[in-house]
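Given next are the chains, with one letter for each unit.
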Amino acid sequence: MSNKVENDTGGQLGSLIVSAVFVIVGVVTLYDSLSYSDIDSKVFPRAAAIVLIVCSMLSIVGSLLRPVREPGFGRGAWWRRILLVVSMLAACLAMPQLGFLPAGFIAFGGTLMASMHDRWTIQAAAVFLTSSILIMVGFYSLFRFVLNVPLP
């Protein structure tokens, strides 16, 4: 009986801790953005920090009001989780050398590969490749030309 209770709270406790860490990261980001002298440099970090804090607080409230029974990560393919993290880290490391678009394609491609549960077909690959290019170029254009955010 105690193992059942321990497993129930294990997943719950992990979610609460991660959410609390993200709240702290958001608060630290807000505090750090106070030192930015350029008003344009403050907008994105503050907006991202506020969204992070609000979503993390909602996660904490949701976890407390509606606890889950499944502990930890649950079931699923570990290679997908590893590919997701590795592709994001690779994109972060590649961005200073390659720039925003190539690094974005690394992250987007890794995420797409990790999230594709159906069988790959030529038609699916063409649709995903085309939509990936359109999304990445759209985000690049939005940040670079509309919002005037300097990108690497």
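Preceding this section is the structure that the text describes.
Residues numbered from 1 in each chain as written. Predicted model: local features only at pLDDT ≥ 70, side-chain atom pairs only at ≥ 80, totals over all residues. Heavy atoms only, no water.

A. Expanded view of the overall build of the protein chain. In terms of helices and strands, the protein chain carries five helices and zero strands. For the protein chain, the α and β elements follow one another from N to C terminus as α-α-α-α-α. For the protein chain, the residues scored as buried account for 21% of the 152 residues in total. Pairs at least 24 apart in sequence give 59% of the contacts found in the protein chain among residues at least 6 apart. Only carbon and sulfur atoms are counted for the fraction: they give 73% of the accessible area of the protein chain, which is about 11,000 Å². (Helix = DSSP H or I, 4+ residues; strand = E, 2+ residues; numbered from the N terminus. Buried < 20%, exposed > 50% of the residue type's maximum accessible area, 1.4 Å probe, protein only. Contact = heavy atoms within 4.5 Å. Areas by Shrake-Rupley, 256 points an atom, 1.4 Å probe, with all protein chains shown as cover.)

B. Structural view of the side chain of Ser 132. Tracing the chain through its elements places Ser 132 in helix 5 (residues 122-146). In this structure Ser 132 touches Phe 105, Phe 108 and Leu 112, once residues within four positions along its chain are discounted.

C. Representation of the packing of aromatic side chains. Inspection of every chain in the model, using the stated rule, returns five aromatic pairs. Between Phe 139 and Phe 143 the ring centres are 6.4 Å apart and the planes differ by 25°, which places this aromatic pair in the stacked class. Here Phe 139 pairs with Phe 143, and both are found in helix 5, just four residues apart, close to one helical turn. We classify Phe 139 as partly exposed; its relative accessible area is 44%. Of the residues examined, Phe 143 reaches a relative accessible area of 16% and is grouped as buried. Every member of this aromatic cluster is reached through a ring pair, and the members are Phe 44, Phe 139 and Phe 143. Positioned over the ring face of Trp 78 is Arg 81, at 4.8 Å from the centre of the ring. (Phe/Tyr/Trp six-rings, centres within 6.5 Å; stacked < 30°, edge-to-face > 60°. Lys NZ or Arg CZ within 6 Å of the ring centre and 35° of its normal.)

D. Spotlight on the side chain of Ser 56. For Ser 56, the location among the structural elements is in helix 2 (residues 39-65). Residue classification places Ser 56 among the buried residues on the basis of a relative accessible area of 5%. A polar side-chain atom of Ser 56 sits 2.8 Å from the main-chain carbonyl oxygen of Leu 52. Setting aside anything within four residues of it in sequence, one finds Ser 56 in contact with Ser 19, Phe 22 and Val 23. (Polar contact = N/O pair within 3.5 Å; in protein donor to acceptor, adjacent residues only side chain to side chain.)

Geometric descriptors of this kind do not, in isolation, establish any biological role.
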